[in-house]
Amino acid sequence: MDIIDGNRVAADIIAELKAEVATIAGRRPCLALVRVGDDPASVSYVRKKEQTAAEIGVEGRVFLPPVSITQQEIFALIDQLNADPAVDGILVQSPLPAHLDELAVFRRVSPEKDVDGFHTVNLGKVAQEDPTGFVACTPAGIMELLRRSGVDLKGKHVVVLGRSLIVGKPVALLALQKRAGANGTVTVCHSATRDLPAITRLADVLIAAIGRPEFVTAEMVKPGAVVIDVGINRVPDPTRKTGYRLTGDVAFASVAPLCSRITPVPGGVGPMTVAMLMSNTIKARRLRDKS
Ligand code: NDP
């Protein structure tokens, strides 16, 4: 069994991106990071994105509107960033407070600056296999992690657990694409799926993105499968200084011995998400040079 080291793969990509940024003439790529409120996970994600941007030479501009911001006010902020010629990419950290319509906010971002890949146009481009758009960072990171780990999905049965717009649906579409590395036979499962273990046991590659700690147990996995654990769940743990530990959607200790490859949590898919965000921001900067 191999543990896929997302930290190492992401570090390789970050080093490549740093070298690429150094070749860009003129203005540095610029990423606007919008975080509403103080959700602790969002605070740490945005901090990490800001740090990585700084590390590779991307300018990060952080906007911290108060949790009381209205829909119209956040639209106005997005409109201002859309119109700013010095901003290449815009990221609005999810989740937004419940009083805001998150999907409407994602759609407000100009598709050319939508480095999170959540806009209708960019998700549509994934479905149409049009490479000019932006692919959502976590799904893109999963595909890149598989590619760099030598896992070819061609002809394999890929089972995706979860159908969110952020992970499940786009990664299913990517695995299905008729191109090198992809070309899988894809099944998507969700909360209404009957006899889930019978389906997951058919997976050559199992991608778990449901947000339930250690949900995938050894009985649900075919021996020899590749398991990608997307889940990031905070579980109370009084022995830690923080009071919690991070765990994935897969019961790692019992599942890992069965697999041919598996990603850990933390240190699997998570670091790839940030690397792909940087890659999308550099792509946005280059596309704006051409437009
Ligand atoms: P969502 O809550 O948006 O979606 C969860 C999906 O799982 C839904 O489709 C839901 O089904 C399905 N589901 C929930 N419970 C079950 C169940 N018991 N059986 C079968 N299906 C179920 O989550 P996200 O996609 O946003 O995130 C999933 C996980 O990935 C979370 O832990 C999140 O923290 C993590 N994540 C990690 C990232 C990273 O960088 N590594 C980035 C983004 C997310 P239904 O549609 O029917 O409700």
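In this report, the structure presented in the accompanying data block is examined. Remember, it's a predicted structure, so these values are computed and weren't measured experimentally. (Residues numbered from 1 in each chain as written. Predicted model: local features only at pLDDT ≥ 70, side-chain atom pairs only at ≥ 80, totals over all residues. Heavy atoms only, no water.)

So, about the site of the ligand. As a structural note, the neighbourhood of the ligand is formed by 19 residues, with R163, S164, S191, R212 and T273 the closest of them. Between V230 and the ligand, the recorded distance is 3.4 Å, taken from a backbone N or O atom to a nitrogen atom. At 3.0 Å, a backbone N or O of I232 approaches an oxygen atom of the ligand. Residues of the shell around the ligand, tallied by class, amount to seven nonpolar, ten polar and two charged. (Near = heavy atom within 4 Å. Polar contact = N/O pair within 3.5 Å; in protein donor to acceptor, adjacent residues only side chain to side chain. Nonpolar A, V, L, I, M, F, W, Y, C, P; charged D, E, K, R; others polar.)

In a pair of packed helices, the angle between the axes and the distance between the axes together describe the arrangement. Contact geometry for helix α1 (residues 6-21) and helix α6 (residues 137-148): axes closest at 11 Å, N-to-C directions at 100 degrees. By the criterion of interaxial angle, the relationship of α1 to α6 is roughly perpendicular. Where α1 approaches α6, its residues G6, V9, D12, I13 and E16 are matched on the opposing element by E144, L145 and R148. Classifying every residue of the contact of α1 with α6 gives three nonpolar, one polar and four charged. (Axes fitted to C-alpha atoms, helices over the stretch in contact; angles between N-to-C directions. Helix = DSSP H or I, 4+ residues; strand = E, 2+ residues; numbered from the N terminus. Parallel < 35°, antiparallel > 145°, perpendicular 65-115°, else oblique. Contact = heavy atoms within 4.5 Å.)

Moving on to unusual backbone geometry. At the junction of S94 and P95, the peptide bond is cis and its omega measures out at 0 degrees in the coordinates. We note that D195 has phi near 45 degrees; this positive angle belongs to a residue other than glycine. Looking at the secondary structure, you find D195 in the loop between β6 (185-189) and α8 (196-200).

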